[in-house]
Amino acid sequence: MKMNKQIFLLVGLIGALVFTGCRKDFEEINTNPNEPTAVSPGFLLTNAQKSTMDRVYNSFWGSRRAMQTAQYWSSNQYSNESRYAYRDATANTAWSDFYAGPLQDLQTIIDLNSGEDAADYAGYGDNANQIAVAQILQAWIYQHLTDAFGAIPMSEALQGVDNTTPSYDGQADVYAGLVTMLDAALNGMNVGGSGPQGDQIYGGDMAQWQKFGNSLKLRVAMRMADVNPGAAQSAAEAALSSGAIIAGNEDNALFGYLTGAPNNNPINEDYKTRNDFAASNTMVDFLTALNDPRRDVYFSPSVATGEYVGEVYGLDETNAALTPNDEVSQRGAGILAADLAGIFFDAAQTHFLAAEAAERGWSSILSAEEHYNAAITLNMNYWGIDDADAIAGYLAQESVAYGTAEGAWNERIGRQKWAALYMQGYEGWAEYRRLDFGVLLPCADGVLDGDGSVPSRMKYPLDEQTLNNANWTAATGGGADDLLTTKLWWDVN
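Rules of the game
Residues numbered from 1 in each chain as written. Predicted model: local features only at pLDDT ≥ 70, side-chain atom pairs only at ≥ 80, totals over all residues. Heavy atoms only, no water. Helix = DSSP H or I, 4+ residues; strand = E, 2+ residues; numbered from the N terminus. Rg over C-alpha atoms; globule rule 2.2 N^0.38 Å. Buried < 20%, exposed > 50% of the residue type's maximum accessible area, 1.4 Å probe, protein only. Contact = heavy atoms within 4.5 Å. Areas by Shrake-Rupley, 256 points an atom, 1.4 Å probe, with all protein chains shown as cover. Lys, Arg positive; Asp, Glu negative; His and termini not counted. Charge placed at Lys NZ, Arg CZ, Asp CG, Glu CD. Salt bridge = Lys/Arg side-chain N within 4 Å of Asp/Glu carboxyl O. Phe/Tyr/Trp six-rings, centres within 6.5 Å; stacked < 30°, edge-to-face > 60°. Axes fitted to C-alpha atoms, helices over the stretch in contact; angles between N-to-C directions. Parallel < 35°, antiparallel > 145°, perpendicular 65-115°, else oblique. Left-handed = near helix turned anticlockwise from the far one by under 90°. Nonpolar A, V, L, I, M, F, W, Y, C, P; charged D, E, K, R; others polar. 1 Å grid on protein atoms, 1.4 Å probe; cavity = no way out; pocket = protein on both sides within 12 Å on 5 of 7 lines; lining within 4 Å. Points joined across faces, edges and corners; volume = space filled by probe spheres on them. Polar contact = N/O pair within 3.5 Å; in protein donor to acceptor, adjacent residues only side chain to side chain. Expected span 1.5 Å × (residues − 1).

**Student:** Residues and numbers for the overall build of the protein chain, please.
**Tutor:** Each helix and strand counted, the protein chain has 20 helices and four strands in total. The C-alpha atoms of the protein chain give 26 Å as radius of gyration, which agrees with the globular expectation for 493 residues (23 Å, within 12%). A total of 493 residues make up the protein chain; the buried ones form 52% of that total. Once local pairs closer than 6 in sequence are excluded, the contacts in the protein chain between residues at least 24 apart make up 76%. Total accessible area on the protein chain is roughly 20200 Å²; 52% of this is exposed by carbon and sulfur atoms. In the protein chain, 28 positive and 61 negative side-chain charges are present, and the distance between their average locations comes to 5 Å.

**Student:** Lay out the side chain of Arg295 with the relevant residues and their values.
**Tutor:** Tracing the sequence through the fold places Arg295 in helix α12 (residues 295-298). The residues touching Arg295, leaving out its near neighbours within four places in the chain, are Leu287, Thr288 and Tyr308.

**Student:** Quick one: what's the story with the pattern of salt bridges, residue by residue and with numbers?
**Tutor:** Summed over the entire model, instances satisfying the criterion amount to 23 salt bridges. Salt-bridge contacts for Lys272 lead to Glu269; the nearest nitrogen and oxygen are separated by 3.0 Å. You can call Glu269 partly exposed: its relative accessible area is 34%. Between Asp276 and Arg274 there is a salt bridge, with its nearest N and O atoms 2.7 Å apart. By relative accessible area, Arg274 is classed as partly exposed at 35%.

**Student:** Account for the packing of aromatic side chains, with residues named and values stated.
**Tutor:** By the definition in use, this model includes 32 aromatic pairs. Geometrically, the ring pair formed by Trp95 and Tyr460 is edge-to-face, given 5.9 Å between the ring centres and 90° between the ring planes. In this pair, Trp95 is assigned in helix α5 (residues 88-114) and Tyr460 in the loop between α18 (425-435) and α19 (462-467), connecting sequence segments 365 residues apart. Judged by its relative accessible area of 7%, Trp95 is buried. Judged by its relative accessible area of 6%, Tyr460 is buried. Here a set of aromatic residues connected by ring pairs shows up, and it is made of Trp61, Trp95, Tyr99, Tyr142, Phe149, Tyr168, Tyr426, Trp429 and Tyr460.

**Student:** So what about the packing of helix α4 (residues 59-69) against α5? Which residues, and what values?
**Tutor:** For the pair α4 and α5, the least separation of the axes is 10 Å and the interaxial angle reads 130°. Taken together, the axes of α4 and α5 are oblique relative to one another. α5 is crossed by α4, and the crossing has left-handed handedness. Across the interface between the two elements, Phe60, Trp61 and Arg65 of α4 pack against Thr90, Ala91, Ala94 and Phe98 of α5. Within the contact of α4 with α5, the residues separate by chemical class into five nonpolar, one polar and one charged.

**Student:** Any details on the layout of surface pockets? Residues and values, ideally.
**Tutor:** Of the voids in this model, the largest pocket is the one considered here, and its volume is about 450 Å³. Along the wall of the largest pocket there are 19 residues; nearest its centre are Trp95, Tyr99, Thr164, Pro166 and Glu464. Of all the secondary structure elements, the ones that give two or more residues to the lining of the largest pocket are α5 and α19. When residues in the lining of the largest pocket are grouped by element, the largest group, six residues, is from α5.

**Student:** Describe in detail the environment of Trp383, supporting the description with residues and values.
**Tutor:** Checked against the element boundaries, Trp383 lands in the loop between α15 (368-382) and α16 (388-396). C-alpha separation for the pair Trp383 and Pro293, spaced 90 residues apart in sequence, amounts to 9.8 Å. Residue contacts for Trp383: discarding those within four places in its chain leaves Val297, Tyr298, Ile335, Leu340, Tyr422 and Met423.

**Student:** How would you summarise unusual backbone geometry if you had to cite specific residues and measurements?
**Tutor:** Residue Pro262 is reached from Ala261 by a cis peptide bond, and omega for that bond is 5°. Of note in the backbone geometry, Met423 takes a positive phi value of approximately 75° without being a glycine. Counting through the fold element by element, Met423 comes out in the loop between α17 (409-420) and α18.

**Student:** So, helix α11 (residues 281-289): which residues are in play, and what are the values?
**Tutor:** For the α-helix, the turn length of 3.6 residues means that residues three or four positions removed from each other point alike. Residues of α11 that are buried: Asn281, Thr282, Met283, Val284, Phe286 and Leu287. On its buried face, α11 sits against β1 (73-75), β3 (277-279), α12 and α17.

**Student:** Break down the side chain of Asn379 for me, citing the residues and quoting the values.
**Tutor:** Inspection of the secondary structure puts Asn379 in helix α15. A polar contact is formed between the side chain of Asn379 and the side chain of Tyr298, at a distance of 3.4 Å. Apart from the residues within four sequence positions on either side, Asn379 is in contact with Arg294, Tyr298, Asp346, Ala348 and Ala420.

**Student:** Residues and numbers for empty space enclosed by the protein, please.
**Tutor:** Applying the stated criterion across every chain, the model contains four cavities of 30 Å³ or more. Reported here for the largest cavity is a volume of approximately 90 Å³. Forming the walls of the largest cavity are Met53, Val56, Tyr57, Trp140, His144, Ile343, Phe344, Met423, Gln424, Gly425, Tyr426 and Glu427. Put simply, the parts of the chain that give the lining of the largest cavity at least two residues each are α3 (41-56), α6 (127-149), β4 (342-345) and α18. Looking at the lining of the largest cavity, the element that brings in the most residues is α18, giving three residues. When its residues are assigned to classes, the lining of the largest cavity shows eight nonpolar, three polar and one charged. Of the volumes computed, that of the second largest cavity is approximately 70 Å³.

**Student:** Just give me the short version of α17, but keep the residues and values in it.
**Tutor:** For α17, which comprises 12 residues, the first-to-last C-alpha distance of 16 Å matches the rise-based estimate of 16 Å (1.5 Å per residue) to within 8%. Among the 12 residues of α17, nine are classified as buried, and the element is accordingly described as predominantly covered. Every buried residue of α17 is accounted for by Arg412, Ile413, Gly414, Arg415, Gln416, Lys417, Trp418, Ala419 and Ala420. Elements in contact with the buried residues of α17: α11, α12, α14 (347-359), α15, α16 and α18.

**Student:** Please provide a residue-by-residue account of the environment of Leu137, values included.
**Tutor:** Checked against the element boundaries, Leu137 lands in helix α6. Considered as a pair, Leu137 and Gly314 are 177 residues apart in the sequence and their alpha carbons are 34 Å apart.

Written out as structure tokens, the structure reads:
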């Protein structure tokens, strides 16, 4: 009897399968509406843009490393990073997050829009424009990584399980690849066509992406100007003559954070529970000496004295903890705001780069002095300083005016560019290394790693030594060149 029941159940099951197998809507019935079968390029783009800025502005890769290495901020406590003892976990996380996160998301957008099913994704924006935007952002991230570490995986990167141990490209090859990537994006985009969905920077405006691409190409060019001047000049002049650059603040490439978590700026989120950073004496003293109105935006006066006082840079942990927060200047209210924008590229950078091109005798748009003045003015405007007389007075000071400020052109431009790159720590640090304008101070209580100088690069993640050892070994001479003091390819002085 038991056997008969099993047979009846089996026959009933077969009958049900036959019945449902004959229905024309079988696939619809068996599709989970909560698990889409195709990825949205718009979602990938939004995620790539946000995750990039989240990493750049977070409390470790962004604040403890970048903002302190550029000496914009000092530590209130836990000050070892200000003495160049960087946590291994920070590099591990940043490396994996950039490669497995935004770079891979952007590569997926490129693959989807260039594969045999590309037409299926045209509804998210012209295929060519989705590819171009992804390429520009990839170039931005690759430059960010190579200027931090040196040689990096690029030509063999982002292949997933097909290549889990990519080789490293030397910086000369990376930079050549960046120019090629940006040229492909600029030449391939359809400026009059529909831009990509999910674009939180320009809302799919391809004319603005063209400006971003050319301005980034200009930055890539100028950074290699001392080591490959021919290629640098060609790329810089092409960008400047394009008629499409980030020339005003209305063109800035910004990621707009919101006022509530999880879409607020990571600096704001970190500050809700801790306050590990204050104004550095390096930055405060520089701004104060020049009567710079940006000081009042970048920082707040000391609660105890009402004066602007920077925390001494590079104190050991005991000494850093001795200074009450009320006795030194803290970060300004706007800097700690939830909706502080993440900066991919701004007009001040473009004009400083153009001023340098003019000084090198390359074709530019205005004179070096005009670009220099425009850069400072636009940066002040960006931070809400619109008083024309105050800006004119600042520019007229002997220590600021282009014709009388101390030092060669690289020092004059470099100092003011460093002040304008506040909140772009990695860029401020890169230009310090490249333009050699001084300003940054030795660590007050000495360094914990290196030779006492400001680091020339970051060490590779420890994970690379264990998971990609053969290629890490080849790139670093067996580890001999994996030092804070190893100069990058473009850092020749």
